[in-house]
Amino acid sequence: MWALLGNIDVNDARRTRHFLTVSVFVREEWFHLARYHDVDCEVRGPAQLAMALGLGIDDIFPIRYNIGPWVSAAADSVVGRVDAEPLERLSRTELISLALYSEAG
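Everything numeric in this text was worked out from a predicted model, so none of it was measured.

## Notes on the overall build of the protein
Part 1 of the argument: For the protein, the helix and strand inventory stands at six helices and five strands.
Part 2 of the argument: Secondary structure elements in the protein, listed N-terminal to C-terminal, are β-α-β-β-α-α-α-β-α-β-α.
Part 3 of the argument: Taken over the C-alpha trace, the protein has a radius of gyration of 14 Å; the compact-globule value for 105 residues is 13 Å, and the two agree within 12%.
Part 4 of the argument: For the protein, the spread of C-alpha atoms along the three principal axes comes to 45 × 35 × 20 Å.
Part 5 of the argument: When each of the 105 residues of the protein is scored for burial, the buried share is 36%.
Part 6 of the argument: Considering only contacts in the protein between residues 6 or more positions apart, those separated by 24 or more positions represent 40%.
Part 7 of the argument: Side-chain charges of the protein comprise 10 positive and 15 negative groups, with the mean position of each set lying 2 Å from the other.

Below, the structure is given as structure tokens:
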């Protein structure tokens, strides 16, 4: 199954956890998974991805990835997972702050 990952910040694992994008090729088209903070989460969220694949949520999530073989960075930045329900939910203000300012400064 083809999938695309985007918004991976190899210098900031927390930023990646919140802004990682996942797209999966399902039945001749791309399904772009909406994250908890996306406005269309009820239409393109984890439950809808599971339905599109004909599987249960627990059959799909967590989605694990490891881009370590292709990227030289700290392990916690290149190995991760996408959970159906995030371990940490940020407010809109916190999301904007995380998007604009890195942990490194």
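## A closer look at the nonpolar core
Part 1 of the argument: Ranked by internal contacts, the top residues of the largest apolar core, which has 15 residues, are Val-22, Leu-33, Leu-49, Ile-60, Phe-61 and Val-82.
Part 2 of the argument: Listed by contribution, the elements that provide at least two residues to this core are β2 (21-26), β3 (29-33), α3 (46-53) and β4 (63-66).
Part 3 of the argument: When residues in this core are grouped by element, the largest group, four residues, is from α3.
Part 4 of the argument: When near neighbours in sequence (up to four residues on either side) are disregarded, Val-82 contacts Leu-20, Val-22, Leu-33, Arg-35, Phe-61, Pro-62 and Ile-63.
Part 5 of the argument: With five residues, the next largest nonpolar core counts Phe-19, Tyr-36, Leu-95 and Leu-98 among its residues.

## Re the environment of Phe-19
Part 1 of the argument: With respect to the secondary-structure elements, Phe-19 resides in helix α1 (residues 13-19).
Part 2 of the argument: The spatial distance from the C-alpha of Phe-19 to the C-alpha of Thr-93 is 14 Å, given a sequence separation of 74 residues.
Part 3 of the argument: Ignoring sequence-local partners within four residues, the contact set of Phe-19 consists of Gly-6, Asn-7, Arg-35, His-37, Leu-95, Leu-98 and Ala-99.

## A look at α3
Part 1 of the argument: Turning to α3, its buried residues are Pro-46, Leu-49, Ala-50, Ala-52 and Leu-53. The buried residues of α3 occupy one face: seen down the axis, they fall within an arc of 160 degrees.
Part 2 of the argument: Those residues of α3 that are buried are in contact with β2, β3, α2 (41-44) and α4 (57-60).
Part 3 of the argument: Residue Gly-54 follows α3 closely and has a positive phi angle near 70 degrees.

## Considerations on the pattern of salt bridges
Part 1 of the argument: As enumerated under the stated definition, the model contains five salt bridges in all.
Part 2 of the argument: Here Asp-9 ties to Arg-15 by a salt bridge, and the two come within 3.2 Å at their closest N and O atoms. The same class applies to Asp-9 as to Arg-15, namely buried.

Procedures and definitions
- Residues numbered from 1 in each chain as written.
- Predicted model: local features only at pLDDT ≥ 70, side-chain atom pairs only at ≥ 80, totals over all residues.
- Heavy atoms only, no water.
- Helix = DSSP H or I, 4+ residues; strand = E, 2+ residues; numbered from the N terminus.
- Rg over C-alpha atoms; globule rule 2.2 N^0.38 Å.
- Buried < 20%, exposed > 50% of the residue type's maximum accessible area, 1.4 Å probe, protein only.
- Contact = heavy atoms within 4.5 Å.
- Lys, Arg positive; Asp, Glu negative; His and termini not counted.
- Charge placed at Lys NZ, Arg CZ, Asp CG, Glu CD.
- Core = buried A, V, L, I, M, F, W, Y, C linked by side-chain atoms within 4.5 Å.
- Arc of directions from axis to C-beta.
- Salt bridge = Lys/Arg side-chain N within 4 Å of Asp/Glu carboxyl O.

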